[in-house]
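Fold and geometry: a report
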Amino acid sequence: MKKYPIPTGYLFVDEYSEGELETLSIGDYGKNKNVKADFLGYEDEIEGVPNAECMPLSDKWVVTLSTQYGCAMNCEFCDVPKVGYNGNASFYDLKNQLLNALDLFSDQVSYTNRLNIHYARMGEPTFNDRVWKFSEWMIEKKSVLERVSGVSFETIHPVLSTMAPKSVDNLENKLWDWCTTIKNGKYNGQAGLQLSINSTDSKQRDEMFNERQTSLERLSKIGEELPYPVGRKYCLNFALASDYEVHAGYLRDLFDPERFMVKITPIHKNNSCRENDIETIDGYESYHPYKQAEEDLQRAGFDTIVFVPSIDEEDGLVTCGNAILSGSTPKTAEGKIKIKGIEK
């Protein structure tokens, strides 16, 4: 295993069935530090997120898994396609990534109130049916996972983050199954679905997703057929660059605010974004880039979250679209993990 200590935890690479996969095992600052969400009571404008200490892992532990060896989507804002593509991660690849992630801190942490599992490091998870099987295994065999890992969990919360590729076979059925069987069913609401939107302009979406994404009109029809969400609403995610369009009225015509919420975050500063001149001006230092979009979305009836990472998270390559297997390396000082209660 190649371990990269970063302020929020570990970024690591290990060998699995078809080669190398990279994974995150990290902490979280807490919503009061990096989130503006009026509907949740977090109303302060975010003028940059300090490079602070994370909450204890016993409060919240985040593991981000790779679902594929690289990615074939070729999105213009992401470094993962630079890795190449070598197929899907197996069920055991997913399981062993999780066990490795937990083992990094299991000598100091034996319990967490919330284990968040994000299928969002490398790969497009809707191409990999094992993501569904593994998510079911985690909740059905929770006691086995706790015994093998040495860590017990009050809540496990898996999140399926997808660009919704138009080439996925039976995309409608897959999303229906995730929401019905996993989110609403086996997890009783403690699971998430996040759809990457980024812009309401079709030409911008064609460019950023290399014309491999499902159109918003088709996504809207899929969304209409999804069951009413138990727990958290389905999330429409906007990773905003300075010129990306957010037409709140058009979005409201397509998606029901009773069932969908919106998250806004800056587009991240990886190599592909730099090469393609994609950026959010002052995106990490000022609330201004998000203010108008947030207000428009709220007026359209959407619960809206503005989420901003810290520079530590950006430099630690925690944010989506990064990959050390593409040649990037963390810019933070090695060995400086800043998680409360962790001595590393």
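The coordinates are above.
Read on for an overview of the structure. (Residues numbered from 1 in each chain as written. Predicted model: local features only at pLDDT ≥ 70, side-chain atom pairs only at ≥ 80, totals over all residues. Heavy atoms only, no water.)

Right, let's talk about the overall build of the chain for a bit. Within the chain, the secondary structure is distributed over 11 helices and 13 strands. In terms of overall dimensions, the chain is globule-like: its C-alpha atoms have a radius of gyration of 19 Å, near the 20 Å expected for 344 residues. Seen through its principal axes, the chain has C-alpha atoms that stretch 50 × 40 × 40 Å. Split into buried and exposed, the 344 residues of the chain put 57% on the buried side. Sequence-distant contacts in the chain: of pairs separated by 6 or more residues, those separated by 24 or more amount to 76%. Accessible surface computed for the chain: about 14100 Å², of which carbon and sulfur atoms make up 44%. (Helix = DSSP H or I, 4+ residues; strand = E, 2+ residues; numbered from the N terminus. Rg over C-alpha atoms; globule rule 2.2 N^0.38 Å. Buried < 20%, exposed > 50% of the residue type's maximum accessible area, 1.4 Å probe, protein only. Contact = heavy atoms within 4.5 Å. Areas by Shrake-Rupley, 256 points an atom, 1.4 Å probe, with all protein chains shown as cover.)

Here we take up the sheet that holds strand 4 (residues 35–36). Overall, mixed pairing links the 11 strands, which are arranged 1-2-3-5-8-9-10-11-12-13-4 in an open sheet. Edge positions in the open sheet fall to strand 1 (2–6) and strand 4, since each of these has one partner strand only. For strand 4 and strand 13 (residues 304–307), the ladder comprises two bridges, and the chain directions are antiparallel. Along strand 13, the bridge assignment pairs Lys36 with Val306. Sitting on the sheet, helix 2 (residues 91–103) is in contact with strand 2 (9–16), strand 3 (19–26), strand 5 (61–65), strand 8 (111–119) and strand 9 (152–162), with an inclination near 140° to strand 2. (Pairing = 2+ DSSP bridges. Axes fitted to C-alpha atoms, helices over the stretch in contact; angles between N-to-C directions.)

Attention shifts here to helix 5 (residues 171–186). Where helix 5 bends most, at Cys179, the angle is about 25°. Buried residues along helix 5 sit in contact with strand 8, helix 3 (130–140), strand 9, strand 10 (192–196), helix 7 (216–225) and strand 11 (234–240). (Bend = angle between axes of the 7 residues up to and from the residue.)

Glancing now at the pairing of strand 12 (residues 260–266). Within strand 12, six of the seven residues are buried, leaving the element largely enclosed by the surrounding structure. The parallel pair strand 11 and strand 12, bridged by helix 8 (residues 248–254), forms a crossover whose chirality is right-handed. Pairing between strand 12 and strand 13: three bridges, direction parallel. Across the sheet, the residue bridging to Lys263 is Ile305, located in strand 13. (Right-handed = clockwise from strand over helix to strand, strands pointing away.)

For the rest of this paragraph, the subject is helix 3. Along helix 3, the residues classified as buried are Val131, Trp132, Phe134, Ser135, Trp137 and Met138. Residues of helix 3 that are buried sit in contact with strand 5, helix 2, strand 8, helix 4 (142–149), strand 9 and helix 5.

Our next topic: a nonpolar patch on the surface. A contiguous nonpolar surface patch, about 250 Å² in accessible area, is contributed by Phe39, Leu40 and Tyr42. Following the sequence through the fold, Leu40 ends up in the loop between strand 4 and strand 5. (Patch = residues over 30% accessible without salt bridge, like charges linked within 9 Å, V, L, I, M, F, W, Y side chains within 5 Å. Salt bridge = Lys/Arg side-chain N within 4 Å of Asp/Glu carboxyl O.)

As a further point, take unusual backbone geometry. In terms of backbone geometry, most residues other than glycine have negative phi values and most peptide bonds are trans. Although it is not a glycine, Asn210 sits at a positive phi angle of roughly 55°. By the element assignment, Asn210 lies in the loop between helix 6 (202–208) and helix 7. Not every positive phi belongs to a glycine, and Glu211 is a case in point at roughly 60°. Within the secondary structure layout, Glu211 lies in the loop between helix 6 and helix 7.

Take the pattern of salt bridges next. Per the stated rule, a full pass over the model turns up 15 salt bridges. With a shortest N-O distance of 2.9 Å, Lys36 and Glu294 are connected by a salt bridge. Of the two residues, Lys36 sits in strand 4 while Glu294 sits in helix 10 (residues 288–299), which places them 258 residues apart along the sequence. Residue Glu294 is classed as buried on the basis of its relative accessible area of 1%. A salt bridge links Lys142 to Glu146; the nearest nitrogen and oxygen atoms lie 3.1 Å apart.

Moving on to the packing of helix 3 against helix 4. The geometry of helix 3 relative to helix 4 is characterised by a closest axis approach of 5 Å and an angle of 80° between their N-to-C directions. As summarised for this structure, helix 3 and helix 4 are arranged roughly perpendicular, according to the angle between their axes. Between helix 3 and helix 4, the contacting residues are Trp137, Met138, Ile139 and Glu140 on the first element and Lys142, Val144 and Leu145 on the second. Looking at the contact of helix 3 with helix 4 residue by residue, the classes come out as five nonpolar, no polar and two charged. (Parallel < 35°, antiparallel > 145°, perpendicular 65-115°, else oblique. Nonpolar A, V, L, I, M, F, W, Y, C, P; charged D, E, K, R; others polar.)

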